[in-house]
Amino acid sequence: MNRRSFMATSAAAVLAAGAVPRSALASLPEAAVSEGPQMIVPPLPTEGRPYLPVATLNSWSAPWRMRDGYKEFHLTAEPVEREIAPGMKAFLWGYNGQAPGPTIECVEGDMVRFYVTNRLPEHTTVHWHGILLPSGMDGVGGLSQPQIKPGETFVYEFEMKKSGTFMYHPHADEMTQMAMGMMGFLIVHPKEFEEHKVDRDFVFLMSAYDIDPGSYTPRVNTMSDFNLWTWNSRCFPGIDHIVCSQGDKVRIRFGNLTMTNHPIHMHGYDFEVTCTDGGWVPESARWPEVTVDCAIGQMRAFEFTADAPGDWAIHCHKSHHTMNPMGHDVPTMIGVDHRGIASQIVELEPDYMVMGERGMADMGMMEMQLPRNTLPMMTGWGQFGPIEMGGMFSVVKVREGLADRDFSDPGWYQHPEGTVAYPVS
Amino acid sequence: MNRRSFMATSAAAVLAAGAVPRSALASLPEAAVSEGPQMIVPPLPTEGRPYLPVATLNSWSAPWRMRDGYKEFHLTAEPVEREIAPGMKAFLWGYNGQAPGPTIECVEGDMVRFYVTNRLPEHTTVHWHGILLPSGMDGVGGLSQPQIKPGETFVYEFEMKKSGTFMYHPHADEMTQMAMGMMGFLIVHPKEFEEHKVDRDFVFLMSAYDIDPGSYTPRVNTMSDFNLWTWNSRCFPGIDHIVCSQGDKVRIRFGNLTMTNHPIHMHGYDFEVTCTDGGWVPESARWPEVTVDCAIGQMRAFEFTADAPGDWAIHCHKSHHTMNPMGHDVPTMIGVDHRGIASQIVELEPDYMVMGERGMADMGMMEMQLPRNTLPMMTGWGQFGPIEMGGMFSVVKVREGLADRDFSDPGWYQHPEGTVAYPVS
Amino acid sequence: MNRRSFMATSAAAVLAAGAVPRSALASLPEAAVSEGPQMIVPPLPTEGRPYLPVATLNSWSAPWRMRDGYKEFHLTAEPVEREIAPGMKAFLWGYNGQAPGPTIECVEGDMVRFYVTNRLPEHTTVHWHGILLPSGMDGVGGLSQPQIKPGETFVYEFEMKKSGTFMYHPHADEMTQMAMGMMGFLIVHPKEFEEHKVDRDFVFLMSAYDIDPGSYTPRVNTMSDFNLWTWNSRCFPGIDHIVCSQGDKVRIRFGNLTMTNHPIHMHGYDFEVTCTDGGWVPESARWPEVTVDCAIGQMRAFEFTADAPGDWAIHCHKSHHTMNPMGHDVPTMIGVDHRGIASQIVELEPDYMVMGERGMADMGMMEMQLPRNTLPMMTGWGQFGPIEMGGMFSVVKVREGLADRDFSDPGWYQHPEGTVAYPVS
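Scoring rules and cut-offs
- Residues numbered from 1 in each chain as written.
- Chains lettered and ligands numbered in written order.
- Predicted model: local features only at pLDDT ≥ 70, side-chain atom pairs only at ≥ 80, totals over all residues.
- Helix = DSSP H or I, 4+ residues; strand = E, 2+ residues; numbered from the N terminus.
- Contact = placed C-beta atoms within 7 Å.
- Least-squares fit on C-alpha atoms with pLDDT ≥ 70 in both.
- Pairing = 2+ DSSP bridges.
- Axes fitted to C-alpha atoms, helices over the stretch in contact; angles between N-to-C directions.
- Nonpolar A, V, L, I, M, F, W, Y, C, P; charged D, E, K, R; others polar.
- Buried ≥ 20, exposed ≤ 12 C-beta atoms within 10 Å, placed from the backbone.
- pLDDT = per-residue confidence, 0-100.

Some remarks on the overall build of chain A
Turning to step 1, where the next piece is worked out: Of the regular secondary structure elements, chain A holds 3 helices and 25 strands.
Turning to step 2, where the next piece is worked out: Within chain A, residue pairs in contact and separated by at least 24 positions form 74% of the contacts whose partners lie at least 6 positions apart.

Examining the relation of the copies chain C and chain B
Turning to step 1, where the next piece is worked out: Least-squares fitting of chain C to chain B yields an RMSD of 0.1 Å, with the superposition described by an axial translation of 0.0 Å and a rotation of 120°. In the structure described here, the two chain copies are related by an operation that fits a three-fold rotation axis. Ranked by how close their C-alpha atoms come to the rotation axis, the residues of chain C are headed by C:Ala285, at 2.4 Å.
Turning to step 2, where the next piece is worked out: Mapped onto chain B, only 8% of the interface residues of chain C again fall at the interface, so the copies present different surfaces.

Looking at the sheet that holds strand 11 (residues 184-189) of chain A
Backbone-to-backbone hydrogen bonds pair the strands of a sheet. The strands run either parallel or antiparallel.
Residues and elements named next belong to chain A.
Turning to step 1, where the next piece is worked out: The 4 strands are arranged 6-11-10-8 in an open sheet whose pairing can be described as mixed. Every interior strand has two partners, whereas the edge strands, strand 6 (104-107) and strand 8 (127-129), have only one. Adjacent strand axes in the sheet meet at a mean angle of 25°, parallel and antiparallel pairs treated alike.
Turning to step 2, where the next piece is worked out: Examined bridge by bridge, strand 6 and strand 11 share 4 bridges and lie parallel to one another. Residue pairing across strands places cysteine 106 opposite valine 188, the latter belonging to strand 11.

What to know about the interface of chain A and chain B
Turning to step 1, where the next piece is worked out: The interface of chain A with chain B comprises 46 residues on the first partner and 50 residues on the second.
Turning to step 2, where the next piece is worked out: Examining the composition of the side of chain A that touches chain B, we find that 5 residues originate from one element, helix 2 (residues 174-179) of chain A, more than from any other.
Turning to step 3, where the next piece is worked out: Looking at the side of chain A that touches chain B residue by residue, the class counts come to 18 nonpolar, 22 polar and 6 charged.

A few points about the relation of the copies chain A and chain B
Turning to step 1, where the next piece is worked out: Once chain A is rotated about the relating axis by 120° and shifted along it by 0.0 Å, it coincides with chain B to within an RMSD of 0.1 Å.
Turning to step 2, where the next piece is worked out: By residue overlap, the copies meet through two different surfaces: only 9% of the interface positions of chain A are interface positions in chain B.

Structural notes on the interface of chain C and chain B
Turning to step 1, where the next piece is worked out: Each partner contributes residues to the interface: chain C has 50 residues there, and chain B has 46 residues.
Turning to step 2, where the next piece is worked out: Elements that contribute at least two residues to the side of chain C that touches chain B include exactly strand 16 (262-266), strand 19 (288-289), strand 20 (291-294), strand 22 (310-316), strand 23 (379-382) and strand 24 (385-389) of chain C.
Turning to step 3, where the next piece is worked out: In terms of residue class, the side of chain C that touches chain B is made up of 22 nonpolar, 19 polar and 9 charged.

Overview of the sheet that holds strand 14 (residues 242-245) of chain A
Residue and element names in this part refer to chain A.
Turning to step 1, where the next piece is worked out: Strand order in the open sheet made by the 5 strands is 14-25-22-16-20, with mixed pairing throughout. For this open sheet the edge positions go to strand 14 and strand 20 (291-294), each flanked by a neighbour on one side alone. Taken pair by pair, the neighbouring strands of this sheet meet at an average axis angle of 15°, ignoring direction.

Overview of the environment of A:Asp293
Turning to step 1, where the next piece is worked out: Among the secondary structure elements, A:Asp293 is positioned in strand 20.
Turning to step 2, where the next piece is worked out: Look at A:Asp293 and you get buried, because 25 C-beta atoms sit within 10 Å.
Turning to step 3, where the next piece is worked out: Between the alpha carbons of A:Asp293 and A:Val273 there is a distance of 10 Å; along the sequence they are 20 residues apart.
Turning to step 4, where the next piece is worked out: Contacts of A:Asp293, omitting those with residues within four sequence positions, involve A:Asn261, A:Pro263, C:Ala295 and C:Gln298.

Focus: unusual backbone geometry
Turning to step 1, where the next piece is worked out: Residue A:Pro237 is reached from A:Phe236 by a cis peptide bond, and omega for that bond is 5°.
Turning to step 2, where the next piece is worked out: Topologically, A:Pro237 is positioned in the loop between strand 13 (228-231) and strand 14.
Turning to step 3, where the next piece is worked out: Cis geometry marks the peptide bond from C:Ala99 to C:Pro100; its omega dihedral reads 5°.
Turning to step 4, where the next piece is worked out: Tracing the chain through its elements places C:Pro100 in the loop between strand 5 (88-95) and strand 6 (104-107).
Turning to step 5, where the next piece is worked out: Positive phi is not limited to glycine here, since A:Asp68 has a value of about 55°.

Looking at the environment of A:Cys316
Residue and element names in this part refer to chain A.
Turning to step 1, where the next piece is worked out: Within the secondary structure, cysteine 316 sits in strand 22 (residues 310-316).
Turning to step 2, where the next piece is worked out: Linking cysteine 316 and glycine 327, residues 11 residues apart in sequence, is a C-alpha distance of 19 Å.
Turning to step 3, where the next piece is worked out: Not counting chain neighbours up to four residues away, the residues in contact with cysteine 316 comprise Trp229, His262, Pro263, Ile264, His321, Thr322 and Met392.

A look at the confidence of the model for chain A
Residue and element names in this part refer to chain A.
Turning to step 1, where the next piece is worked out: Per-residue pLDDT for chain A has a mean of 86; in total, 84% of the residues score no lower than 70.
Turning to step 2, where the next piece is worked out: Every residue in residues 406-425 is under pLDDT 50, and counting partners more than four places away or in other chains gives 32 contacts.
Turning to step 3, where the next piece is worked out: In the model output, the complex is listed with pTM 0.90 alongside ipTM 0.89.

Things to note about the pairing of strand 11 of chain A
Strand residues, when the strand is regular, have side chains that alternate between the two faces of the sheet.
Residue and element names in this part refer to chain A.
Turning to step 1, where the next piece is worked out: Strand 11 sits mainly inside the fold: 6 of its 6 residues count as buried.
Turning to step 2, where the next piece is worked out: Side chains of strand 11 alternate between two faces, with Gly184, Leu186 and Val188 and Phe185, Ile187 and His189 buried alike.
Turning to step 3, where the next piece is worked out: Inspection of the sheet shows strand 10 (residues 164-169) paired to strand 11 by 5 bridges, in the antiparallel sense. Bridge pairing links tyrosine 168 to glycine 184 in strand 11.

Now the structure itself:
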């Protein structure tokens, strides 16, 4: 795990007045950073209440230290460079080196303290979405606290009163800062180790960006015509697989901070939503689903037993959200016969090629000239040919004979086969 | 309460043939009007079955009279001028002087009669959304009745068979008339006074407008790119606070007549949806939530006990819906360094200012030159600084020691502090 | 029923290697076709487990044969011409002569075999949405099988493990192929004849198209600004009525393959969602509703007893989705007084007419010059006048004294009155 200490710079930061307890001024915990999109599942905790850490797709969980009975975390809000998928990077704002920020994991009943250092060019705050806490810790700039100015560190502290599935994000210049990628998952594990226990627990946040082909910075004013639909700021084929051992009890949790609903569809199984950002759903109230619609500012967790082996697509069911950048106002070419005109053009321009008159499937296999730093519209390659997807798409890989979870192996969630899969009988 | 009689003009109106009972021709009830966006909670009813009136944000409840065993209401469909927030007015279509129209309140089992007078330049109808009634009273123009022509009065009468959360709106030239703001809340209180009883019961309807900066009339053909996202045709900071006494049992009810889902998020609490426009949700079926997604043509009520004091944001979680008008296709300036070019421009134009290269937060505090009749993109001021919001945003203020509800005081719902709040400890 | 044999052409097709069982090569079942948008409810099955067939609005159910213990169906993916409503046709891609494809009906526990012949100009697959099946039968091109090339026939076979409400659609060049209309309903009836039994069971799929006025082929790249919002690729007034006998137990099932949620609202009744594409909803979990929000890639069934006679509108509650093509960026004319300028123009152009200054209601009655192959923006005529609707709108007609279901009469679902209705008392 790539770590870098922000102690020196943090020490120079002005601590925000008022809410900072005197005891915290002595020294701040380390603000560890991640420098890439690799999934890192932390080891089992060695102090505090025990819990099974979650697997954050293409991301990691924040380290913490115990001090005076508090779990202390240090988040640094800052500009980051995020690889959206191999071949495309974006200049985003995030926390601790990446966007999304690290997943926060703690346990019901924990007293927690968050040091938040602002290294952005403008002020920010952190709102703890779904958490029951004192009004002054709620992170709404202007309403519950003064915004955290560039260079300052603000301290939040409160008790984690209930377990569940939450997130954190700014509530200051909120539209811009979320359009730039600022968000992170927050898991509160149940106090009782066996309660709501599963074998594998995956989490991701949905965000959308509008980045012009060839450029790096999102257009923050866009309201609906986004061209990058991401899970944890990653597009297919850059999104981690969800690898399970046959028979595992599996939970997948997600939240939505885009500008539209995302109906998350998983193949091969039916399942029930068991948790929202409001808490655990009683059994009597659960619906059978194969597609869970997640509104903005909502979080959903669903559970299933991985009894059916194979490769199962999991994706947003809005077909444009499983595409990478494309022109939404390009006229249709289906049924237009270009053969006459094309042959004339080819005399002038030998590389000329007409696309789309028979549909778009050719795009899945084609090596096109793309602007630099731009993903192909649809791509990916499976064991049987082109997958023709992008955006919010991944694969749940259920395999017999995967070793039991080995907590000493940080790569146990990674399947050695990569994208290419399992010979389906 | 500002009232004005429409009797003289109503007497001149041609009564629609057929559905109008002869007894009603003698005299029509008063069509009271409201001339502004102030919240007016009616006193406890002195006749008919008892109920606790609701508080309609920035609006009021329609008066009624008892006659021949019917509760009689008079709605006048007409052009209105609505203040969206201080500094901006819109020319809308509404009922009885404002848009939305007055909230209708009655009781399960009531026989009701609605006189609807059309003072619009085109025909209209009223559909009673969610109400179980005879097909001829359903208000679908052409299908269940002839449309009500300009100058005519049509009479609807039926029994309120069940309690719940409903609305009324036109079903004639429906897209245009709803894009112009025609809608109102309709509450049917339970027959049993104690059933589903709460201490405070707030209601609002969501509507969206597309009004060009500097102009007054909505573009009625817009399907998605709206620039004013409103609760009861009001934008932050023009939306009433939701003021509660600590320990109150509180219900918030809302409905959606825009063109997209609105996920309503409230801070500081979790809660359950207890009522839809289809009826009361059984306890076994309720989900814990912090964000309630409300689809178009849906209504939702959620309930909580106001035990956590403080200022709690309540808003649509689509971040563009908590903004006032802005250009959605303005290029991003983040990371662009204008210092060189700006100094050259300032030589020519001393007031020149570059915005957005460090984010948008400066906008929250800035006094910009705006076109007349245009709201700033993000605004509002709290006890700790700029709130940087607009649109669908308000604050739930939970305070100790607020007096019990005093029905002789029409301002009891208004908190004297205004926007600035409570010193959070 | 208009049928045409595809045996000759199918025999010439190359059968895909691998998944095709040898026994299937001998002869393929007939791929019957429908040549128009008429609703055809099949007779009660004479072999296999008994079930009550569903009524697919403006569409039909696929015939099948029993062979070696399998129900065999033959789907042909191909270009089709679909009438969207009288006066407008579209060039789509579908199955067996129409889009949507025929509804597949079978019974829980059935072994089924689907021959899929590709007559499109590009490759395709079929994904069986919601069905629990082996990974290799799941139909995701590249991931679970090689795509089916033009001219090839692929065979899917699996057991229908559970009853419910499902659909089929391509998972190859998916965005394009669904934008062209490729989809079909799939019903698995319960093994026990009496389980979940209703008297009438209606089904439709929602799709959206962007077809420029005067043209025929959808713009497949459009992400949000569609102009044709359809049920089974039909717009009002081309959508079949939902005709019920008073007292019938009725189920309406629908699924969504557009790019946005559709809140389906029915007048005159409240009801509960009883089935999703994940299975049957337990009674304890059901909500009372009048508007069911259906996300993309979701299916919903709701049930009610048709005790209230009359004409009840059923429609998507997004008001733009009950309109036919229109310009979403046309400026508003409401309140603009054109009388001066209009009289001057009329001197030059005698037919000049100003529209919209008093609202849009005139459009409902107007005979406008439209581009060929273009539907009027709002239209339809009821017993009381213009209905002023388009798109996703139909009418539930509940009548006393309709004969019991007569399975020998293929037209029993059609009400002889047509659009004009019942004298409401």
